[in-house]
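Per-entry structural report
So the chains spell out like this:
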Amino acid sequence: MAGDLSQPSASKQIELLQQQLLDIQAELQNANEQLQKSKQEAAEEANAAINIINDLKAQAQSDIDKCRRCAAEQLALSKFGLERFSADDDSIKFYTGFPTYTHLKVFYEFVKPNAETMVYCYASGARPSRPEVRSMQLIDEMFLFLVRLKLGLFEQDLAHRFQIHMSSVSRKVTTWANYLYFILGGQCIWPSKNEIQNNMPEAFHHLYPTTRVILDCTEIFVQTPTSLLLQSQLYSSYKSNTTLKGLIGITPHGAVSFISSLYTGSISDREITRCSGILDLLEHGDSVMADKGFNIDDLLKEKGVGLNIPPFLQSQAQFSAQDVHETKTIAKLRIHVERAIRRIKEFHFFDSDVPLSTLGSVNQLYTVGCLLTNFQGPLILNSTGKT
């Protein structure tokens, strides 16, 4: 009987335990679902936080890059370099002689390809270019050279402006002088007869239509050497000083078409014409316009070339009306070669006496200065204002 009574009780307990087990399983399942939901929410929050952090990092990096660019731009504008004057054509002309920044950039793009591998001149000898250790941008090296040539600033001044050592200034100037001497000197500046005729100004066309070149000499002062022999060779009776002398030729329309090497100041106009190589360029039927000092009529006749110079007084008491008119006409036309020489003298490197220590590169500097005048725009304009 007792066994019968305990049977239902045990069964109820089992049911109760089973119900409790089911409740626990439901709670566990619910807890697991809550856990998974919490994990998902945490992951979403973490991803959102990571995205926010990444966005903040990107924004910070963008701000840093912008600050760096602004700092670089400010540095470029604050330091003495070409970019500082990129928006100021007047300053570009003052410092380099080029009419505008655009003209200078076009010139740089022309000389840049070979300049990147040019050989630098060191006191110990020539060394190849090393772009990876270059302390200045290549375009600023060219700008330094042009400033030295145009303004004639001392090397110490340039070293302070460009924040480099004075020996680096000397090396870069010499290197660029040699480089541009070969690059520009390799370009043909002697025009053909047809080119001369096609660009002949009306005044020449009517009065001296066969003119191929207008000749004149220019001299630059050099430091007086201690050697008496060298002094006598360099002494110019015209300038009453020790000089180097060069022959310049321009076309009737005003372009520099011939540049001789520099000779000692004692050389005569006749001798420099004979030695310079200009006679080999002239052709039969050409004519040359020059000043009275060019006693070269016989040299030109051998080539079948005419000479137009102002008439000499000779045995006459005074010039005839025709001689006076011819003198004025030639002087009026010859003024253009003097204007071309004035452009060359505007490279103020040649204002002071050239030191004897720079005689090894002065010919290159002088030639480059002469050639650069052809990049300064037309010397002669016609009546319509065109070249």
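One can find the structure itself at the top, above this paragraph.
The model shown is predicted, which means the values in this text are computed figures rather than measured ones. (Residues numbered from 1 in each chain as written. Predicted model: local features only at pLDDT ≥ 70, side-chain atom pairs only at ≥ 80, totals over all residues. Heavy atoms only, no water.)

1. Some points on the packing of aromatic side chains
In plain terms, the rule: Aromatic pairing here means that ring centres of Phe, Tyr or Trp (its six-membered ring) are within 6.5 Å. Orientation follows from the plane angle: under 30 degrees is stacked, over 60 is edge-to-face, and everything else is tilted. Helix and strand assignments follow DSSP, with helices taken as H or I runs no shorter than four residues and strands as E runs no shorter than two, numbered in order from the N terminus. Accessibility here uses a 1.4 Å probe with only protein chains present; expressed as a share of the type maximum, an area under 20% marks a residue as buried, one over 50% as exposed, and anything in between as partly exposed.
According to the stated counting rule, one finds 16 aromatic pairs in the structure shown. With 5.0 Å between their ring centres and 75 degrees between their planes, phenylalanine 107 and phenylalanine 375 make a pair best called edge-to-face. Remark: phenylalanine 375 occurs in the segment after α14 (359-372) and phenylalanine 107 occurs in helix α3 (residues 101-115); sequence separation between them is 268 residues. With relative accessibility at 3%, the residue phenylalanine 107 sits in the buried group. Look at tyrosine 181 and phenylalanine 182: their rings are 5.4 Å apart centre to centre, the planes differ by 80 degrees, and that puts the pair in the edge-to-face class. Classification of tyrosine 181 by relative accessible area gives partly exposed; the value is 25%. In this structure phenylalanine 182 comes out as exposed when scored by relative accessible area, which is 62%. Site record: aromatic cluster; members linked through ring pairs are Phe80, Phe85, Phe94, Tyr95, Phe143 and Phe162.

2. A few points about unusual backbone geometry
A positive phi is found at glutamine 163, a non-glycine position, where the angle reads about 60 degrees. Summarising the element assignment, glutamine 163 is placed in the loop between α5 (155-162) and α6 (166-185). Judged by its relative accessible area of 67%, glutamine 163 is exposed. Phi is positive for serine 240, close to 55 degrees, though the residue is something other than glycine. With respect to the helices and strands, serine 240 occurs in the loop between β4 (235-236) and β5 (241-250).

3. Concerning helix α10 (residues 269-276)
This is how it is decided: Throughout, the arc means the angular range of directions from the helix axis out to the C-beta atoms. Throughout, a residue-residue contact means that at least one pair of heavy atoms, one from each residue, lies within 4.5 Å.
Within the span of α10, buried status applies to Asp269, Ile272, Thr273 and Ser276. Seen end-on, α10 carries its buried residues on one side only, within an arc spanning 105 degrees. In this fold, the buried residues of α10 make contact with β3 (211-221), β5, β6 (256-259), β7 (263-264) and α11 (278-281). Once α10 ends, the next one or two residues include glycine 277, with phi positive near 100 degrees.

4. Notes on the packing of α6 against α14
Filter applied, for reference: Geometry is summarised by axes, namely lines fitted to C-alpha atoms with helices restricted to the contacting stretch, and by angles between N-to-C directions that run from 0 to 180 degrees. Angles below 35 degrees are treated as roughly parallel, those above 145 as roughly antiparallel, those between 65 and 115 as roughly perpendicular, and all remaining angles as oblique. Helix crossings get a hand from a simple test, with the near helix turned counterclockwise from the far one by less than a right angle marking a left-handed crossing and a clockwise turn marking a right-handed one. Under the grouping applied here, Gly and all other residues not named as nonpolar or charged are polar, the nonpolar ones being Ala, Val, Leu, Ile, Met, Phe, Trp, Tyr, Cys and Pro and the charged ones Asp, Glu, Lys and Arg.
Running from amino to carboxyl end, α6 crosses α14 at an angle of 55 degrees, the nearest separation of the two axes being 9 Å. On the basis of the axis angle, α6 is oblique to α14. The chirality of how α6 crosses α14 is left-handed. Residues Val173, Ala177, Asn178, Leu180, Tyr181, Leu184 and Gly185 of α6 pack against Asn363, Gln364, Leu365, Thr367, Val368, Leu371 and Leu372 of α14. Per-class residue counts for the contact of α6 with α14 are nine nonpolar, five polar and no charged.

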